[in-house]
Amino acid sequence: MTTPTRRCALVCGASGGIGRATAELLASRGDRVLVLARREDRLKAVVARLAGSGHAAVVADLSHPGQLAEIAATLLATHGPIHVLVNNAGGPPGGPLLDASTGALGDAFAVHVQSPHVLVQALVPGMKEAGWGRIVNVISTSVKQPIPGLGVSNTVRAATANWAKTLAGELAPHGITVNNVLPGATFTARLEAIAESRATQSGRPVEAVLDDMRTVIPAGRFARPQEIARAIAFLASDDAAYITGVNVPVDGGRTGSL
């Protein structure tokens, strides 16, 4: 199975944080990168910074999976086969699971399971034809150890992980791998929002909450988005051709399980 001469990658949630860092790294390694998110202005700024040429912004909202099939068809018609898919989206709001509405669960399922599924169904035929493909899902260490206060996220991330494991078995004969990267606490807008929410609930300063979050990380610090991007890029490479159906924590040793 031969790697395409110049791969095309679709990176979701690429307007900031881990998604943007991943787009920048893949572009620096020679890929054509399509960056997907809701805000066109931010996406255009990301595209302008990418090394190389042939990149494009894709405006789409992952909370509306019904719209994605048409968007994906347009992408394929315009850019040709897409060989690398990075499923990445911001997590749902925090809070106890018992307090979550069924609507909140449904909304999270749409973003983190249904939308990736629509994209996979659209892109896999081209990967099969090439005999080569990489699907990397950015989820959470909560699939190994639920995180207190993130009830909806814990629930839907586990669904994503098992969806990916199932696909890995189905797609492996076609030279397509499916893997999950599980970021630990990464210094992004998402982490800041979680810290601010906990600070509001506890009446403590945000910095004190962030300090508490660091104390449970053996490495003693938060990850940088670029560090998560390197794990994603590895799983999207030829070097990872015999790795499929796995969860890869990138968490500074925080997760209390293997």
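Our subject is the structure listed above.
Heads up: these notes are all about the structure in this document. Note that this is a predicted model, so its numbers are computed, not measured.

## Some words on the pattern of salt bridges
For step 1, the next point in the chain: Applying the stated criterion across every chain, the model contains 8 salt bridges.
For step 2, the next point in the chain: In this structure, the salt-bridge partner of Arg204 is Asp212, at a minimum N-O distance of 2.6 Å.
For step 3, the next point in the chain: On the basis of relative accessibility, which here comes to 37%, the residue Asp212 falls in the partly exposed class.
For step 4, the next point in the chain: Where Arg221 meets Glu227, a salt bridge forms, and the shortest distance between an N and an O atom there is 2.7 Å.

## Points about the nonpolar core
Nonpolar side chains in soluble globular proteins generally cluster together in the buried interior.
For step 1, the next point in the chain: If you look at the biggest cluster of nonpolar residues, it comprises 31 residues, and the most contacted ones within it are Val33, Val35, Leu50, Val181, Ile228 and Ile232.
For step 2, the next point in the chain: Elements with a minimum of two residues in this core: strand E1 (8-12), helix H1 (17-28), strand E2 (32-37), helix H2 (40-49), strand E4 (84-87), strand E5 (133-138) and helix H8 (225-235).
For step 3, the next point in the chain: Here Val33 is in contact with Ala9, Val11, Ala23, Leu26, Ala27, Leu50, His55 and Ala56, once residues within four sequence places are set aside.
For step 4, the next point in the chain: Membership of the second largest hydrophobic core comes to 30 residues, among which are Ala56, Ala60, Ile82 and Trp163.

## Looking at the side chain of Asn137
For step 1, the next point in the chain: Structurally, Asn137 is set in strand E5.
For step 2, the next point in the chain: We classify Asn137 as buried; its relative accessible area is 1%.
For step 3, the next point in the chain: Setting aside residues up to four positions removed in sequence, Asn137 forms contacts with Asn87, Trp163, Ala164, Val178, Asn179, Asn180 and Val181.

## Re the state of the cysteines
For step 1, the next point in the chain: Within this structure, the stated rule accounts for 0 disulfides.
For step 2, the next point in the chain: Not engaged in a disulfide, the cysteine Cys12 finds its nearest cysteine sulfur in Cys8; these two sulfurs lie 12 Å apart.
For step 3, the next point in the chain: For Cys12, a relative accessible area of 1% gives the class buried.

## Remarks on the sheet that holds strand E7 (residues 247-250)
For step 1, the next point in the chain: With parallel pairing, 7 strands are arranged side by side in an open sheet as E3-E2-E1-E4-E5-E6-E7. Looking at the sheet topology across the chains shown, the edges are occupied by strand E3 (56-59) and E7. With direction set aside, neighbouring strand axes in the sheet form an average angle of 20°.
For step 2, the next point in the chain: Bridge analysis of E4 against E5 gives 4 bridges, and the strand direction is parallel. Within E5, the residue paired with Val86 across the bridge is Val136.
For step 3, the next point in the chain: In the packing of H2 onto the sheet, contacts are made with E2 and E3, and the angle to E3 comes to roughly 160°.
For step 4, the next point in the chain: Here helix H4 (residues 102-130) sits on the sheet in contact with E1, E4, E5 and strand E6 (176-183), set at roughly 165° to E4.

## Concerning helix H7 (residues 206-215)
For step 1, the next point in the chain: Among all positions of H7, only Val209, Leu210 and Met213 are buried. The buried residues of H7 occupy one face: seen down the axis, they fall within an arc of 100°.
For step 2, the next point in the chain: Where H7 is buried, its residues meet helix H6 (189-202).

## Points about the pairing of E2
For step 1, the next point in the chain: The buried fraction of E2 amounts to 6 of the 6 residues, a majority that puts the element mostly inside the structure.
For step 2, the next point in the chain: Every second residue of E2 is oriented toward a common face, with Arg32, Leu34 and Leu36 on one face and Val33, Val35 and Ala37 on the other, all of them buried.
For step 3, the next point in the chain: In this sheet, E2 lies alongside E1 in parallel orientation, the contact comprising 5 bridges. Each bridged residue has a counterpart across the sheet, and for Cys8 the counterpart in E2 is Arg32.
For step 4, the next point in the chain: Read as a crossover between parallel neighbours, the route from E1 over H1 to E2 is right-handed.
For step 5, the next point in the chain: Bridging between E2 and E3 involves 4 bridges; their strand directions are parallel. Across the sheet, the residue bridging to Leu36 is Val58, located in E3.
For step 6, the next point in the chain: In terms of handedness, the path from E2 via H2 over to E3 forms a crossover that is right-handed.

The rules we used
Residues numbered from 1 in each chain as written. Predicted model: local features only at pLDDT ≥ 70, side-chain atom pairs only at ≥ 80, totals over all residues. Heavy atoms only, no water. Salt bridge = Lys/Arg side-chain N within 4 Å of Asp/Glu carboxyl O. Buried < 20%, exposed > 50% of the residue type's maximum accessible area, 1.4 Å probe, protein only. Core = buried A, V, L, I, M, F, W, Y, C linked by side-chain atoms within 4.5 Å. Helix = DSSP H or I, 4+ residues; strand = E, 2+ residues; numbered from the N terminus. Contact = heavy atoms within 4.5 Å. Disulfide = S-S within 2.5 Å. Pairing = 2+ DSSP bridges. Axes fitted to C-alpha atoms, helices over the stretch in contact; angles between N-to-C directions. Arc of directions from axis to C-beta. Right-handed = clockwise from strand over helix to strand, strands pointing away.

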